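Inside the fold
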Amino acid sequence: MVNKKKPRLRSSEWFGREDIYGFIYRSWTKNRGVPQDQFDGRPVIGICNTWSELTPCNTHFRVLAEHVRNGVLEAGGFPLEFPVTSLGETLMRPTAMLYRNLASMDVEESIRANPIDGVVLLMGCDKTTPSLIMGAASVDLPTIGVSGGPMLSGKYRGHDIGSGTNVWSMSEELRAGQITLEEFHEAESCMHRSHGHCMTMGTASTMASMVEALGLGMPGNAAIPAVDARRNVLARQAGRRIVDLVKERVPLSALLTRPAFENAIRVNAAIGGSTNAVIHLIAIAGRLGVKLSLDDWDALGKGVHTLVNLMPNGKYLMEDFYYAGGLPVIIRELGNRAMLNKSALTANGKTIWENNKRAPCWNTDVIMPFEKPFKRNTGIAVLRGNLCPNGAIIKPSAATPKLMKHKGRAVVFENIEDFHRRIDDPKLDIDESCVMVLKNCGPKGYPGMAEVGNMPLPPKVLKRGITDMVRISDARMSGTAYGTVVLHAAPEAAAGGPLALVKNGDLIELDVAKRRLHLHVPEAELARRRKRWKAPKPAMRRGYWKLYIDHVLQADRGADLDFLVGRTGPLVPRDNH
Ligand code: FES
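In short, a report on the structure. (Residues numbered from 1 in each chain as written. Predicted model: local features only at pLDDT ≥ 70, side-chain atom pairs only at ≥ 80, totals over all residues. Heavy atoms only, no water.)

With 105 residues, the main nonpolar core has Phe321 and Ile330 as its most contacted residues. Tallying contributions element by element places helix α12 (residues 276-288) first for this core, with eight residues. Setting aside chain neighbours within four positions, we find Ile330 in contact with Ala270, Ile271, Leu307, Val308, Phe321 and Ile367. In this structure, Val437, Ile508, Leu510 and Val512 belong to the second largest nonpolar core, which totals 29 residues. (Core = buried A, V, L, I, M, F, W, Y, C linked by side-chain atoms within 4.5 Å. Buried < 20%, exposed > 50% of the residue type's maximum accessible area, 1.4 Å probe, protein only. Helix = DSSP H or I, 4+ residues; strand = E, 2+ residues; numbered from the N terminus. Contact = heavy atoms within 4.5 Å.)

Here strand β13 (residues 507-511) lies mainly inside the structure; four of its five residues are buried. Bridge count between strand β9 (residues 405-413) and β13: five bridges; the pairing is antiparallel. The residue of β13 that forms the bridge with Gly408 is Ile508. Of the pairings in the sheet, the one linking β13 to strand β14 (residues 516-520) comprises five bridges and is antiparallel in character. Bridging across to β14, Glu509 finds its partner in His518. (Pairing = 2+ DSSP bridges.)

Turning our eyes to something else, we now look at the sheet that holds strand β11 (residues 470-473). Taking strand neighbours across the sheet as the criterion, the six strands line up as β12-β11-β10-β9-β13-β14 in an open arrangement whose pairing is mixed. Each edge of the open sheet is held by one strand with a lone partner, namely β12 (485-486) and β14.

Evaluated as defined, the whole model comprises seven aromatic pairs. Taken together, a centroid distance of 4.9 Å and an interplanar angle of 65 degrees make the contact between Phe15 and Phe39 edge-to-face. Of this pair, Phe15 sits in helix α1 (residues 12-15) while Phe39 is found in the loop between α2 (20-29) and β1 (44-49), placing the two residues 24 residues apart along the sequence. Each member of the pair Phe15 and Phe39 is classed as buried. (Phe/Tyr/Trp six-rings, centres within 6.5 Å; stacked < 30°, edge-to-face > 60°.)

Moving on, we get to the sheet that holds strand β4 (residues 143-147). Strand pairing in a sheet is mediated by backbone hydrogen bonds. Such pairs are either parallel or antiparallel. Across the sheet, four strands lie side by side as β2-β1-β3-β4; this open sheet has parallel pairing. One side of each edge strand has no neighbouring strand; the edge strands of this open sheet are β2 (78-83) and β4. Between one strand axis and the next, the sheet turns through 20 degrees on average, direction left out of account. Here β1 pairs with strand β3 (residues 118-123) via five bridges, running parallel. Bridging across to β3, Asn49 finds its partner in Leu122. In the packing of helix α5 (residues 128-139) onto the sheet, the strands contacted are β1, β3 and β4, and the crossing angle to β3 comes to about 165 degrees. (Axes fitted to C-alpha atoms, helices over the stretch in contact; angles between N-to-C directions.)

Okay, here's the thing in structure tokens:
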């Protein structure tokens, strides 16, 4: 008979010891009523919680954590919940993205330093998802992601309004004098009326979809509304399943493989997902040693159509998406067109194809079939040229088709303060044929690479009914935003990229079909300007800001800190005594 010796778990290094240290590790843990039998070698599951009242999208996470805990207990595990830095998109200044890498370090070190065998990540608001996955990836224990789910649809005066998307449109209407301040305030109360994250296909919904497409989440993770009981069921199932993943010894890296990232990129194209996913997925892959580049985004997104009619590109919201069948329908459509690595393993132990091949669609106005898509060929396009030698991106599904090939005179804003100072000035020399250029909003320049790339248009253009212009920057854009907006130009202006050299009146040519972004200025003149260029003074030279500015990589490399890239694994730190 084979001697099937129970494999020793990582947590046994703490709780399995019969010496003074074992006494200390167990005794203090018992202080809230934990019985001795919980230390019998069962899997210890960390529930990594980003609950915070400063992160309004995650304020239901105490309840969600209870459901995970119940699932862990039902499966014979020992749950231990712990808090980590929570990044609230709406309140944090200068931008939550500045702290994504810091939060990921908190997650990594919290997991690594403690007696944890497997972890469930509770995430919702935009940056809470990548920060938790990046941190967990650096430790590479068995891991399941549970997203908090989108809010219910916003309801205003008889019609739906969506997070972010209608904030942009209504603030433009207010600036153009088309709505009153009273209506604006009323809309504020109508837009966010339940727990959950933004309910458009913005960055939070995109990243929840990425969690499902990567196989890191349970089927249905992307779209079940936050307040729907089925979200709690999903959390409970994740709690049960993580115990099995520990017993089966399936680390995160067994799920987050190159084929899984390829699936996620194609799913992003099919949902018209946020441009922020480009940066986050490259950063996550970097933590696992999986090669993923901007060129992969362009190549894999080619030929993929947007299938969902969701804001900010369309009219419906995440609640409608779930009732129509949700992400499984998208995955099934891609699988039927040889656009899916079907054998990619997922958290529930099945392949992505086993999970989704029979997914029914209940509303083809919300999720359209591949033959009759919502928009054609809408994968993220990666632009190259003398203005962005290391690349820039544009989201075709959010852009105005006729502006995708455009040549215009540059109107340059040196930084975001310069933009705010001048944009409402009636004397600003600008019309809709111009190309708006915003500098010094990249990872180092802002710092944190703010979501300001979709600069509001000047009032004098808006008043003529114009709603879109070509805009170029080294910044990011909110996933809920739209427009013909070129983002993430690399290298950024503050790092001496060519964007820093653009002057008012220069001609700029955008040709998305040819993947080209060109500054029509002779090389000799650019060389002269480069000689005179001075790097802007950093915003702060102390603490985490200094660490970040000194070590952040450019957007095309995921804007991670250089010393965090690469595979590490679940080391057990030495004793603390
Ligand atoms: Fe949290 Fe949009 S502000 S997801």
